Amino acid sequence: MKLYCLSGHPTLPCNVLKFKSTTIMLDCGLDMTSTLNFLPLPLVQSPRLSNLPGWSLKDGNAFLDKELKECSGHVFVDSVPEFCLPETELIDLSTVDVILISNYHCMMALPYITEHTGFTGTVYATEPTVQIGRLLMEELVNFIERVPKAQSASLWKNKDIQRLLPSPLKDAVEVSTWRRCYTMQEVNSALSKIQLVGYSQKIELFGAVQVTPLSSGYALGSSNWIIQSHYEKVSYVSGSSLLTTHPQHLTAAVDTVHQSLVELPSGLGFWSKLVVVVFLFLFYLIFCRIIGRKRCLLSLPSSSFSQPMDQASLKNSDVLVLTGLTQIPTANPDGMVGEFCSNLALTVRNGGNVLVPCYPSGVIYDLLECLYQYIDSAGLSNIPFYFISPVANSSLEFSQIFAEWLCHNKQTKVYLPEPPFPHAELIQTNKLRHYPSIHGDFSNDFRQPCVVFTGHPSLRFGDVVHFMELWGKSSLNTVIFTEPDFSYLEALAPYQPLAMKCIYCPIDTRLNFIQVSKLLKEVQPLHVVCPEQYTQPPPAQSHRMDLMIDCQPPAMSYRRAEVLALPFKRLFEKIEIMPELADSLVPMEIKPGISLATVSAVLHTKDNKHVLQPPPRPAPPTSGKKRKRASEDIPDCKVLKPLLSGSIPVEQFVQTLEKHGFSDVKVEDTAKGHIVLLQEAETLIQIEEDSTHIICDNDEMLRVRLRDLVLKFLQKF
Amino acid sequence: MQGTAKALPGAAHGPKVRARRESGLSIPTLWVTAAWRPRKERGSQPGTPGSEGGSGALSGKSFNSSRKGVPGGTGLGSRTQGGWGPGPGRVLLQVQAPGRGRGPRAGPAWEPGLRPLHPPALGSHARPLGYAQAPPRQIRLRSVPPPPARVYLPCRRRRSRRCWTRRPAPSHRPAARDWLSAVQSEGPERGRAFPAGAPEAGAPGCACAVRAAGLVPAELRSWAVVGQAWSVGSGSAAATGWGAACRMPEIRVTPLGAGQDVGRSCILVSIGGKNVMLDCGMHMGFNDDRRFPDFSYITRNGRLTDFLDCVIISHFHLDHCGALPYFSEMVGYDGPIYMTHPTQAICPILLEDYRKIAVDKKGEANFFTSQMIKDCMKKVVAVHLHQTVQVDDELEIKAYYAGHVLGAAMFQIKVGSESVVYTGDYNMTPDRHLGAAWIDKCRPNLLITESTYATTIRDSKRCRERDFLKKVHETVERGGKVLIPVFALGRAQELCILLETFWERVNLKAPIYFSTGLTEKANHYYKLFITWTNQKIRKTFVQRNMFEFKHIKAFDRAFADNPGPMVVFATPGMLHAGQSLQIFRKWAGNEKNMVIMPGYCVQGTVGHKILSGQRKLEMEGRQVLEVKMQVEYMSFSAHADAKGIMQLVGQAEPESVLLVHGEAKKMEFLKQKIEQEFRVNCYMPANGETVTLPTSPSIPVGISLGLLKREMAQGLLPSAKKPRLLHGTLIMKDSSFQLVSSEQALKELGLAEHQLRFTCRVHLHDSRKEQETAARVYSHLKSVLKDHCVQHLPDGSVTVESILIQAAAHSEDPGTKVLLVSWTYQDEELGSYLTSLLKKGLPQAPS
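Under an unreviewed UniProt entry, chain B has the name Integrator complex subunit 11 and belongs to Equus caballus. Taken verbatim from the UniProt record of chain B, the Cofactor (unreviewed entry) comment is "Zn(2+)". The Sequence similarities (unreviewed entry) comment attached to chain B in UniProt states, word for word, "Belongs to the metallo-beta-lactamase superfamily. RNA-metabolizing metallo-beta-lactamase-like family. INTS11 subfamily."

Per an unreviewed UniProt entry, chain A goes by Integrator complex subunit 9 and derives from Equus caballus. Its UniProt record, at the heading Sequence similarities (unreviewed entry), says of chain A: "Belongs to the metallo-beta-lactamase superfamily. RNA-metabolizing metallo-beta-lactamase-like family. INTS9 subfamily."

A.B. asks: Would you explain the overall build of chain B in this entry?
C.D. replies: Tallying secondary structure elements over chain B gives 27 helices and 34 strands in all. Counting across all 847 residues of chain B, residues that qualify as buried make up 61%. Within chain B, residue pairs in contact and separated by at least 24 positions form 74% of the contacts whose partners lie at least 6 positions apart. Accessible surface for chain B amounts to roughly 32,200 Å². Of this, 52% is attributable to carbon and sulfur atoms.

A.B. asks: Honestly, the confidence of the model for chain A in this entry has me stumped. Any pointers?
C.D. replies: As a general rule, the predicted coordinates of low-pLDDT regions are not to be interpreted in detail. All names here are of chain A. Taken as a whole, chain A shows an average pLDDT of 84; of its residues, 89% reach a score of 70 or greater. Confidence drops under a pLDDT of 50 for residues 245-259, and excluding neighbours within four residues, the segment shows 16 contacts in the predicted structure. Here residues 623-631 is modelled with pLDDT under 50, and outside its nearest four sequence neighbours on either side it reaches one contact, counting other chains as well.

A.B. asks: Can you help me understand the pattern of salt bridges in this one?
C.D. replies: When the charged atoms of two side chains with opposite charge come close together, those side chains can pair. All names here are of chain B. Tallied over the full model, the rule gives 43 salt bridges over all chains. In this structure, the salt-bridge partner of R291 is E364, at a minimum N-O distance of 2.4 Å. With a gap of 73 residues between them, R291 in the loop between strand 7 (274-278) and helix 11 (304-307) and E364 in the loop between helix 14 (341-361) and helix 15 (370-378) connect regions that are remote in the sequence. A single burial state applies to R291 and to E364, both of which are buried. Two residues, K550 and E504, come together in a salt bridge whose shortest N-O distance is 4.0 Å. Taken as a pair, K550 in the loop between helix 19 (535-540) and strand 18 (552-555) and E504 in helix 17 (residues 491-506) lie far apart in primary sequence, 46 residues in all. A single network of salt bridges, built from pairs that share partners, joins R303, D306, E329, D334 and K379.

A.B. asks: What is the right way to look at the interface of chain A and chain B in this model?
C.D. replies: A common way to express how large an interface is: the accessible area buried when the components associate. The interface of chain A with chain B comprises 95 residues on the first partner and 95 residues on the second. Around 8,600 Å² of area is buried between chain A and chain B when both sides are counted, 60% of it from carbon and sulfur atoms. It is E404(A), Y415(A) and N698(A) that lose the most area in chain A upon contact with chain B, and together they represent 9% of the buried surface on that side. Run the count over chain A and chain B and you get four salt bridges. Across the pair R707(A) and E828(B) runs a salt bridge, and its minimum N-O distance is 2.1 Å. At the boundary of chain A with chain B, the tally comes to 36 residue pairs in polar contact (both at pLDDT 80 or more). Tallying contributions element by element places strand 27 (residues 594-606) of chain A first for the side of chain A that touches chain B, with 11 residues. Along the lines of polarity and charge, the residues of the side of chain A that touches chain B split into 49 nonpolar, 22 polar and 24 charged. As judged from the seven bridges shared by strand 33 (residues 691-697) of chain A and strand 30 (residues 755-765) of chain B, these two strands associate in the parallel manner. Across the sheet, the residue bridging to I695(A) is T759(B), located in strand 30 of chain B.

A.B. asks: Where do I start with the sheet that holds strand 12 (residues 209-215) of chain A in this structure?
C.D. replies: Pairing between the strands of a sheet is mediated by backbone hydrogen bonds and can be parallel or antiparallel. Residue and element names in this part refer to chain A. The strand order across the open sheet built from seven strands is 11-12-13-14-15-22-23, with neighbouring strands paired in mixed fashion. Edge strands, defined here as strands with exactly one partner in the open sheet, are strand 11 (203-205) and strand 23 (556-558). Neighbouring strand axes in the sheet, compared pairwise and without regard to direction, differ in orientation by 20° on average. For strand 15 (residues 319-323) and strand 22 (residues 527-531), the ladder comprises three bridges, and the chain directions are parallel. Each residue of the ladder has a partner; that of L320, found in strand 22, is V528.

A.B. asks: What's the story with the environment of V319(A) in this structure? I'm lost.
C.D. replies: Residues and elements named next belong to chain A. Positionally, V319 belongs in strand 15. Residues V319 and Q524, 205 residues apart in the sequence, show an inter-C-alpha distance of 9.7 Å. Dropping the residues within four chain positions of it, V319 is found in contact with K233, V234, S235, H527, V529, L566, P567 and F568.

A.B. asks: Help me understand the packing of helix 21 (residues 700-712) of chain A against helix 27 (residues 828-839) of chain B, please; the structure alone is not making it clear to me.
C.D. replies: The relative placement of two packed helices comes down to the angle between their axes together with the axis-to-axis distance. Running from amino to carboxyl end, helix 21 of chain A crosses helix 27 of chain B at an angle of 160°, the nearest separation of the two axes being 11 Å. Here helix 21 of chain A lies roughly antiparallel to helix 27 of chain B, going by the angle between them. Where helix 21 of chain A crosses over helix 27 of chain B, the handedness of that crossing is right-handed. On helix 27 of chain B, the residues touching E700(A), R703(A) and R707(A) of helix 21 of chain A are E828(B), S832(B) and T835(B). For the contact of helix 21 of chain A with helix 27 of chain B, the per-class residue count stands at no nonpolar, two polar and four charged.

A.B. asks: What am I meant to see in the packing of helix 9 (residues 333-349) of chain A against helix 10 (residues 363-374) of chain A here?
C.D. replies: All names here are of chain A. For the pair helix 9 and helix 10, the least separation of the axes is 11 Å and the interaxial angle reads 60°. Between helix 9 and helix 10, the angle falls in the class oblique. In this structure, helix 9 meets helix 10 at a crossing whose hand is right-handed. Each of V337, F340, C341, S342, L344 and A345 in helix 9 lies in contact with helix 10, whose residues at this interface are L367, C370, L371 and Y374. Of the residues in the contact of helix 9 with helix 10, the class split is nine nonpolar, one polar and no charged.

Quick notes on the rules
- Residues numbered from 1 in each chain as written.
- Chains lettered and ligands numbered in written order.
- Predicted model: local features only at pLDDT ≥ 70, side-chain atom pairs only at ≥ 80, totals over all residues.
- Heavy atoms only, no water.
- UniProt positions renumbered as here; feature names shortened; annotations may be inferred.
- Helix = DSSP H or I, 4+ residues; strand = E, 2+ residues; numbered from the N terminus.
- Buried < 20%, exposed > 50% of the residue type's maximum accessible area, 1.4 Å probe, protein only.
- Contact = heavy atoms within 4.5 Å.
- Areas by Shrake-Rupley, 256 points an atom, 1.4 Å probe, with all protein chains shown as cover.
- pLDDT = per-residue confidence, 0-100.
- Salt bridge = Lys/Arg side-chain N within 4 Å of Asp/Glu carboxyl O.
- Buried area = accessible area lost by both parts, 1.4 Å probe.
- Polar contact = N/O pair within 3.5 Å; in protein donor to acceptor, adjacent residues only side chain to side chain.
- Nonpolar A, V, L, I, M, F, W, Y, C, P; charged D, E, K, R; others polar.
- Pairing = 2+ DSSP bridges.
- Axes fitted to C-alpha atoms, helices over the stretch in contact; angles between N-to-C directions.
- Parallel < 35°, antiparallel > 145°, perpendicular 65-115°, else oblique.
- Left-handed = near helix turned anticlockwise from the far one by under 90°.

What follows is the structure, given as structure tokens:
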């Protein structure tokens, strides 16, 4: 049982698990931070970007100035952006049997794996994951393909030259394997290999392993996976969130308060009622504290839309692979949402525009929901909200049809029937408008000041590049970063100098370390495996010992291109005993509570399922001649006899012998035991503690008789 | 103890009886228990000759004594002794098969022809149509002493509650008397109306389980644990105690509704000691108590929650969920109710609608309230497609797409290795808005399938659609009005999509109306649950949602009197009430108009009447309505036809099939077909009749990997001629089962091996030296035993595998050599073979 680690990125994992003759790939995340080393792809020709000076070596050698450009002290590759793929050399990827996808962010490398490695297996993912993943890929392909760039830099990737480059480029890993974006054709082909699954669906892999997706609470359709055989269980936790339980807790508490008010005996006075209520309220606050939430009552419902995480099913794992924790362990998502809203309102009131670089799905639903509640109270009802993405419409539509994957509150809305997300109403009232791109209708409707949601959060491609160029020079405008995947400073680097305000309120609802330790306490895995980043405090906050995984035994860590041998040994395998065979078994009690039965049966193995069937009846002897021959057949030495155990009490044995007609039995004592002599038959039986030896003339009848008498005293195994 | 076959009157011949016959058990006597209750009422029935009705109950003693003389009656007796007898005042009918038994005995009372009892028909299962006419052979009537307070069987400690017993009629049941008389006067309907003929077969005790498992009681104790292993092996928590051991290796199915009938689907399934109720529907053909299943059949004095592990609702049609609030709130059930998300969303709306019609329009009292519907829905647990829901440690259910209506699902119910698939209603051909039902090759023990269209093989969907459009078009052209009674959800949407596209293509101007209320809402549900529709609609919904219609407008009551052609979709679909009936009454008189019935109509509804050709209808208030308008029937209802049913059976590969939700006559046909084609048993129980299927679940144990690998290393497939045997020791400790090699077993138990060795002396006439003799023995054995490893060791001895042969000189006779052949018990066969071989002497050495 081994774990091959193909990606070093803790939130975009790509691991391969070899387990019981199956090869299972867990997620295939695409590390897109590599694009930060590239110049942005402007939708409209940008004079500023095209006039950036080329970069030259310290000695003045300028042979790289076509490929590398310098902007405010940073060096960028002037080329089509390229992505850092998972390792493809560590393991033969054509042997991968299945790929399990946990959420739509973790499937972006799928076309590279399924289309270029000879992969022939199946991919398993939930329906929302596939649909939204498709949208993300479609957007990505669209962003890159619609701005064709002739130039493709490759010179700088040369190992000798890379050494000479300034910092981020110098340290970039595996640049030779960086690849350009896939095409839509490859995306479609990759997605066609996906098989849809539902939460808690048990999927048999070759009869050997069973995999099950569980709700992880993070995004629409996001899942954790259990990989188990009958005796071993591996849990794969990737991108989980406990925040979703919030609305239910809140309502539960409010209900309790309400009920206690109603049900209190009327004899109690007002004050006693009040005391009870205050007590309950305090209790609830403590409760919230315990589950790791602050500001429960005041916060906005962030990421409360997907089904709550299924923790119970993770219990009793032998190994728990833990990836996809929050990237901003110090930030509270609810606080960030509040900050987002207030900054947005502030800018707009001052006549500025707000730019929100975001993915077309996910956090944007939260933001829109918060804004929906916030707009009127903040006096923003006249401000237009634009959502620009090639898949904006699809994303908004898709979000409304996955009622089954939503949390309970949203489901009940669907039952009314109402659309689960309030952005339907925003669109209806024309407060939120969506466009495939800045071309076309958008230019007619465009009105400032406004709020624009658009991608890509790396600020390297997509419509966001245009708005950065457009609004960057005015300090009235604000760009608010909500996606935690990219460092905002690095993202902004090619736009420097920048006058517009930058607000960083990353919203990451994935598990933080407090929640992780609570989770681990609850599910009690025997071993924890996680990326090495989680076993030490983040480099920027090396004193924060609480920002790491703390468990017993210490978590096993992995890094890119490492192979871990997981620490458990398989001892048992399930086998089925057919009822007919079971009926023929006669158990006997050896010790109190322990019974034994010897089994002789035919083993049938098909599709990794083992069945024991009763042995076939010996064929009835047909004719005399054949029978004779049969008796002369050389016996098959593979017919095993049971082992024997026990010891023979000599006196009783002698008595038995006498009872069976051996009259002249003589017993001699020896050092180790006894010798029983049958003088007439010239036969000698040596009896010792753990052995019996019958020495006789070649008289088969006698031998068999003696054997049967001996066997009477022994137990068979 | 043999569980006796008991069934309700007229159902005494059924699959169960047949099954037993086939298993070679003769049943001289059939016990028929009728649930005529309460007794006083029964006694007061006019024309009931039973004198015992009032107070002529025999004492328990006399019952028992008479029982002794009755061959085959022992099963019942034991049950009575175990405290599980028929209820007080209930009547036991004993039917003796002709030619069997001992002939009529002097019973306390004869009751010839009290009820049209069907003959036991032991030899054949062919049921004459109708329940009546066939005179009973010999019927003896006795009343039975009331049972003790406890209904537990002594040996079934844990699961003793798990048996279908009866509970007294709930006090709130309104008019038991009227209902009873209705039952009596309406002979042929009895089976449907009165499901609980109390086929109290089953509930076999421990002994029964033991017998079925083929174990003798002495071995039972150790095997008690075998039952537990089953849950251990399947990864769930161990069940402990006797209960698990006493799992009955059988599956029992009793339809409370939908048995040889359409409507009021409600099927009880007992599998692996778990009781599951499938669907909880109402019957549209009745307006009295018969519309709901008789839940008192399940238990008479316990809480339903204790007797049922879960309730599963297949889809939102009222004949599958209509009795749910009554069942859960008025009768009282607090356990989980499983259904899919769309069903959960739509079900309460239809129930509320149904309630309104029943209470507000018809003024029924004692009906469930809106609050009850809400409370009932709170007990619902929604399931995803293909999600494996663990109801408890052992029972799991899984939903498959059924395609019949939005959110319709088939359910697999699984306990250990035993499973049942219930299809609900399904459709095997994709239509304009839903996909086709699909199930994997799950090989259930039993497939319970609907059989609405058991004998129909429909022509292609396209033809039907063309016909439909043509008829609508013609009527509209000649200025007639078209009424299409539909149910708000389901067919309505499909036909809307059909007409919408047709209107657009042909550019028609006649208005299409949709009766308001539910239907608008319904379309909205379709929009939100688009993942449940078919591939095409799902793919295009972002661009254009198919459920946003351009040509179809909301209907107002006043429009019905408008002149000119129009098409109106109105609810409900069987013309039994509501708007569709109102419009029908208005339009029925004009021969230009047309009504198209797109779905199945239950007996007793106006829809059924006009379809069967009735042209004069008696309406409420003795009005007679003459139907002049054209009546057309188009089979659009999304049930699988015979071909579809066969297809599904082929897909799932069940071990046996059980038909429900169809008409008996048609079922019979399909049953034969299934039995012919798939060579599986097919059953079609009537309401209240129990089908018992013995199962043989295999026992999962853990095999040590070492042993398994050693076996596997010798090649995968054992040849048929020389089967290779796996030898091991099964260790049963607490609740764990391990199969290990014998050596390991010894080691684990801390025991030493006892070596048993044999040494035989074989005398050979050979005057040569010992070494030469040994060499000759070696070459001889080498030539004979080609498959074995024969070695000549340097010390002069010969080994064959592990058998040692030494040659020694005879102490007295120098011309004789003594061969000492020594082997262990484990090599006994070979050793004894060798001695006999050597005894024959060696071939003459070529000297």
